Amino acid sequence: MSTHNACVERAREAFSRVFGTRVTHAASAPGRVNLIGEHTDYTGGYVLPIAIDLRCAAVGKTNEVRPGWRVHSADLGETVEFDPHAEPDQLPGGSWARYVAGVAAELIKLGWNPPPIELCVASDVPLGGGLSSSAALGVATATVLESMCGRTLSAVDKALLCQRAEQAWAGVPCGVMDQMAAIMSRQGHALLIDCRDLTIEHVPMPSESDAALVVFNTNVRHALAAGEYARRRAACERAVRVLGVKSLRDVTIARIDAAATALSEVERRCARHVVTENQRTVAAANALRSGDLAEFGRLMSQSHASLRDDMSVSCQELDTLVEFASACEGVYGARMTGAGFGGCAIALIEPSKCASATETIAVGYRQRCGRDCSIIPARASAGACPVTV
Ligand code: GLA
């Protein structure tokens, strides 16, 4: 049974047990890894993620008899009751259910009028591991609610709605990459997103006989992650204001250097990362189109160096994975992926060298960091979809 169906089955089974009835609607949405284009989405830059074949399922049924919304997590064994018409502060802070409630609340704000609903969610995306488990949860919820309401949003509107839900209800000032990737990805393709006008292009990924993409989860998430993400975003936004542009895409490194006295050291470095990362992302998409994996790998490694040295969002665990990967024969390139401060790194590897490189990286990581990393082979997968029940 594919992963796709496995999480739907788990959610469906838990739903029957908890709510004592059968689901009428189901949907699933994938996690993602970003190949390149990191910390560029929130200033209108380029990103190049893929959806992975780990998914989150949301299944449900309306309940006109009992008022109130209820959602159960099959993974955590927890049921939360919420009122999507209420303000976000009425749900306990930090609750996973805020992602679900936020999506319902945003749909109601758009004028949708769903009846009380019971939902169950189950995820194969590791929670809090930097593979966008939260966007998968929000998008799976939006997709099942679309089916239940018999209405649909455009893909971009749905991504923006899920982003607003995450910002307002979970308090995360995220960009829109993760939601777009969870919705619009196509199997076998990377998704080039221009975050200024939200246009997309599906760029074919190399075939499995040409390259393997492996995700290494550090299995650490540093506590400062959320605060540091918000600080980096604020630094980039201040640089945009000081430089008098709409997006850091409109500036050159020379212009940043010329404005050095008006920018703090952190703002200057963050802006430099974003400018160079946008250039690398465009170049990486070109390399992918022309099948130049060596060039793609070089750009990945340069991206990691910039995230480590200019953006300052890496950490010892991520640097260790990338260092060992870069020293292995057959590795085209490696980098951290996602917001940073823990989570995952990715490596693009020649298939014949994949097993030995993966082993070397995992052993090196264990010896240096004193813990195991998890290894997840990644295949570019399809975005969210309703599932027939
Ligand atoms: C998180 C956010 C995204 C993006 C990345 C960094 O995943 O949710 O919007 O900003 O970090 O590239």
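Provided above is the structure to which this section pertains.
Per-chain numbering applies: the sequence of each chain, read as written, is numbered from 1 onward. Only residues with pLDDT of at least 70 get local features here, since the model is predicted, and only at 80 or more are side-chain atom pairs given and counted; chain-wide, interface and lining totals rely on the full set of residues. Side-chain numbers here rest on the full set of heavy atoms in the structure, without hydrogens or water.

Digging into the nonpolar core
Looking at soluble globular proteins, one finds that nonpolar side chains tend to be buried together. The nonpolar core is taken to be a set of buried Ala, Val, Leu, Ile, Met, Phe, Trp, Tyr and Cys residues, with the residues joined through side-chain atoms within 4.5 Å. To sort residues, take the accessible area from a 1.4 Å probe on protein chains only and compare it with the maximum for the residue type: under 20% means buried, over 50% means exposed, and anything in between is partly exposed. Grouped together as the largest cluster of nonpolar side chains are 79 residues, with contacts concentrated most on L35, I50, V71, L145 and F296. Viewed by domain, this core spans two of them, domain 1 (3-204) and domain 2 (212-378), each represented by three or more residues. Ignoring sequence-local partners within four residues, the contact set of L145 consists of W69, V103, A104, L107, W112 and I117. Formed by 45 residues, the second largest nonpolar core is a distinct cluster that contains Y229, C270, M311 and A334. Per the annotation, domain bounds derive from an automatic or database assignment of domains. Contact criterion: two residues are considered in contact whenever any of their non-hydrogen atoms come within 4.5 Å of each other.

Focus: the pattern of salt bridges
Salt bridge, as applied in this entry: a Lys or Arg side-chain nitrogen positioned within 4 Å of an Asp or Glu carboxyl oxygen. In this structure the tally under the stated criterion is 32 salt bridges. For the salt bridge of R335 with E38, the shortest nitrogen-to-oxygen distance reads 2.8 Å. Residue R335 is located in strand β10 (residues 331-337), and its partner E38 is located in the loop between β1 (25-34) and β2 (46-47); the two are separated by 297 residues in the primary sequence. E38 matches R335 in its accessibility class, with the two residues each being buried. With a shortest N-O distance of 2.8 Å, R269 and E265 are connected by a salt bridge. Highlighted residues: R269 and E265, both in helix α8 (residues 265-289), separated by 4 residues, approximately one helical turn. A run of DSSP states H or I qualifies as a helix once it reaches four residues; a run of E qualifies as a strand once it reaches two. Both are numbered from the N-terminal end.

With respect to the side chain of S185
Note that S185 resides in the loop between α5 (177-184) and β7 (189-194). Each polar contact in these results corresponds to two N or O atoms within 3.5 Å; when the atoms are within protein, one needs to be able to donate a hydrogen and the other to accept it, and residues that are neighboring in sequence are counted only if both atoms are side-chain atoms. At 2.6 Å, the side chain of S185 and the backbone oxygen of A181 are in polar contact. Aside from chain neighbours lying at most four places away, what touches S185 is I50, A51, M180, L191, H202, S381, A382 and G383.

What to know about the site of the ligand
In the vicinity of the ligand, the residues found are R32, E38, H39, D41, Y42, C174, G175, M177, D178, Y229 and A339. With respect to the ligand, the side chain of E38 contributes an N or O atom lying 2.6 Å from an oxygen atom. Note that an oxygen atom of the ligand is positioned 2.9 Å from one of the backbone N or O atoms of G175. Residue burial considers only the protein chains on display, and all accessible areas are found by Shrake-Rupley using a 1.4 Å probe. Against a free-state accessible area of 310 Å², the protein chains account for coverage of 93% of the ligand. Side-chain classes follow a simple rule in which Ala, Val, Leu, Ile, Met, Phe, Trp, Tyr, Cys and Pro form the nonpolar group, Asp, Glu, Lys and Arg form the charged group, and the remainder, Gly included, forms the polar group. Of the residues assigned to the shell around the ligand, the class counts are 5 nonpolar, 2 polar and 4 charged. Proximity criterion: a residue is near a molecule or strand once any of its heavy atoms comes within 4 Å of it.

The values reported here are purely geometric and, on their own, carry no functional implication.
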